[in-house]
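So you can see what is in the structure, the chains are spelled out below.
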Amino acid sequence: MSVTETLKRYILDDCGLDAAGFAPASALEDERGGHRPEDILPGAKSIIVFLKKIPDGIIQAAFRAKEDGHADAFSIYASYGRELTPNMHLFFMQYNIAQYIERNFGFTAVPVSSGPMQNVTPVNIPLPTFTGAKANTAILDPVRAAVAAGLGEIAWNNAFVTEENGPRQGIGLVLTTLELDYDSPYDGPKLCNPEKCGICIRLCPTKAIPEAGGKTEEFMICDKVYNVSCVNSNACAVASMAFRQEFAGKYKVPDQILTDHPTDEELKKAYAEKPIASWSFSHYPDYYCDLCRLYCPLGNWKERFYDTGFSSFDVKETGK
Ligand code: SF4
Ligand code: SF4
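Just so it is clear, the structure is predicted and the values come from calculations on it, not from any experiment.

J.: How should the overall build of the protein chain be read in this particular structure?
T.: A tally of regular secondary structure across the protein chain gives twelve helices and eight strands. The buried share among the 320 residues of the protein chain stands at 42%. If you take every contact in the protein chain between residues at least 6 apart in sequence, the share linking residues at least 24 apart comes to 71%.

So, in structure tokens, the structure goes:
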């Protein structure tokens, strides 16, 4: 078995991950300074990307909260479907894979944390980490890396999506000086068609997602130009960080931002004044709006969640 095949088998069979792809480090050399593979690991040759599917049972727990008003069920989704468990699981897998490469092949490998943890204070970062000029604060962009490794595409809601699971998976990354056989950037069937679907656009409570055909931003992977929609991250922050009571579920929060599209200054002020929570892992609890991802119909959503009775949201009736 080749080194590439041996490594892939280790990732899939021994680590129990659901998909793996390899991209040359040069695939992301167009990223901004400090966020290119070579900036993180001089001499980097390969980006190893792997996916871990989030179980359907965890996703449906979010529907118990959103559709049945069972607010506590959302904690299951928050803990197991969002940052905490998927991030921790991927952290350890990244470590294992890096260690496996160094031990077995003698090349340097570095695990790259790929999920944003928002337990930062406004002293360090004046805006929530996913907003403002440095909107993507990831060390290495996991979504672009996953596209470069041929695993899926970037959808209109900015989520990484696969044919099998839509947006319902975590992404792990390892950089290494080991050279591998590379997968081609994703070139499969177009998964997201916002003109035909548009569910995320319609469900977004703060109109953060542009209309189909709206503003996009270009980026390059392996000399190919890709487009990603310009989601208004300040607008997303209003809902996903609950700057108004309507987005906070059972928790009490002050109505700090009354507009849907705050300026950086308005968001910065509200963020600095946001009361620190004593009951959360983070200083500022994550409220996870996530409507654009939870109801994204990709990855056989209808068969998994509507036909099974886990959700009453009919994507056929409600889709455009
Ligand atoms: S909800 Fe529809 S338009 Fe939005 S990302 Fe998913 S497939 Fe694309
Ligand atoms: S998480 Fe909510 S507020 Fe943010 S873009 Fe998605 S639907 Fe809109």
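Once the structure has been displayed, the description carries forward.
J.: How do you make sense of the site of ligand 2 when you look at a structure like this?
T.: Within the structure, ligand 2 sits among 14 residues, and Cys204, Cys236, Ala239, Cys289 and Cys292 are positioned closest to it. For the shell around ligand 2, the elements supplying multiple residues, two or more each, are helix H8 (233–240) and helix H10 (291–294). With three residues, the top contributor of residues to the shell around ligand 2 is H8. Residues of the shell around ligand 2, tallied by class, amount to eleven nonpolar, two polar and one charged.

J.: Can you help me understand the site of ligand 1 in this one?
T.: Residues in contact with ligand 1, as listed here, are Ala155, Trp156, Asn157, Cys192, Pro194, Cys197, Gly198, Ile199, Cys200, Cys296, Pro297 and Leu298. In terms of residue class, the shell around ligand 1 is built from ten nonpolar, two polar and no charged.

J.: For this particular structure, what's the right way to read the sheet that holds strand S2 (residues 46–53)?
T.: Pairing between the strands of a sheet comes from backbone hydrogen bonds, and it takes one of two forms, parallel or antiparallel. Strands sit in the order S1-S2-S6-S3 across an open sheet of four strands; the sheet is antiparallel. The open sheet has two edge strands with one neighbour each: strand S1 (19–24) and strand S3 (109–112). Put simply, the sheet's adjacent strands are angled 25 degrees from each other on average, direction ignored.

J.: For this particular structure, what's the right way to read helix H4 (residues 73–81)?
T.: Since there are 3.6 residues in each turn of an α-helix, residues three or four apart along the chain are aligned in direction. Residues of H4 that are buried include every one of Phe74, Tyr77, Ala78 and Gly81, and no others. Projected down its long axis, H4 shows its buried positions confined to an angular sector of 115 degrees, all on one face. Looking at the packing, one finds that the buried side of H4 touches helix H3 (56–68).

J.: Looking at this structure, I do not really get the packing of H3 against H4. What am I missing?
T.: When two helices pack together, their arrangement is captured by the angle between the axes and the distance separating the axes. Running from amino to carboxyl end, H3 crosses H4 at an angle of 150 degrees, the nearest separation of the two axes being 7 Å. Two packed elements cross with a definite hand, and for H3 against H4 that hand is left-handed. Residues Ile58, Ile59, Ala61, Ala62, Arg64 and Ala65 of H3 form the contact with H4, whose own contacting residues are Ala73, Phe74, Ile76, Tyr77, Tyr80 and Gly81. Among the residues making up the contact of H3 with H4, the classes are represented as ten nonpolar, one polar and one charged.

J.: When you look at H8 in this model, what are you seeing that I'm missing?
T.: Of all eight residues in H8, seven are buried, a share of seventy percent or more. Three or more residues of H8 are buried, namely Asn234, Ala235, Cys236, Ala237, Val238, Ala239 and Ser240. Looking at the buried positions of H8, the neighbouring elements they touch are helix H9 (264–273). Just past H8, the residue Ala242 takes up positive phi, approximately 50 degrees.

Rules used throughout
The numbering scheme is per chain: residues are counted from 1 as the chain's sequence reads. Starting at A for chains and at 1 for ligands, labels are handed out in the order in which the entities are written. Confidence filtering applies because this is a predicted model: local features only for residues at pLDDT of at least 70, side-chain atom pairs given and counted only at 80 or more, and all residues used for totals across whole chains, interfaces and linings. Helical segments are the DSSP runs of H or I of at least four residues, strand segments are the runs of E of at least two, and each set is numbered from the N terminus. Here the C-beta atoms are placed from the backbone, and a residue counts as buried if at least 20 other C-beta atoms lie within 10 Å of its own, exposed if 12 or fewer do, and partly exposed otherwise. Contacts are defined on C-beta atoms placed from the backbone: any two residues whose C-beta positions lie within 7 Å are in contact. Residues are counted as near a molecule or strand when the C-beta atom, derived from backbone positions, lies within 6 Å of that molecule or strand. Residue classes follow a fixed rule: Ala, Val, Leu, Ile, Met, Phe, Trp, Tyr, Cys and Pro count as nonpolar, while Asp, Glu, Lys and Arg count as charged, and any other residue, Gly among them, counts as polar. At least two bridges found by DSSP between two strands is the condition for calling them paired. In this analysis, axes come from line fits to C-alpha atoms, helices being fitted only over the stretch in contact, and the angle between any two N-to-C directions falls in the range 0 to 180 degrees. This arc is taken over the directions from the axis of the helix to the C-beta atoms. A clockwise turn of the near helix away from the far one marks a right-handed crossing, whereas an anticlockwise turn of less than a right angle marks a left-handed crossing.

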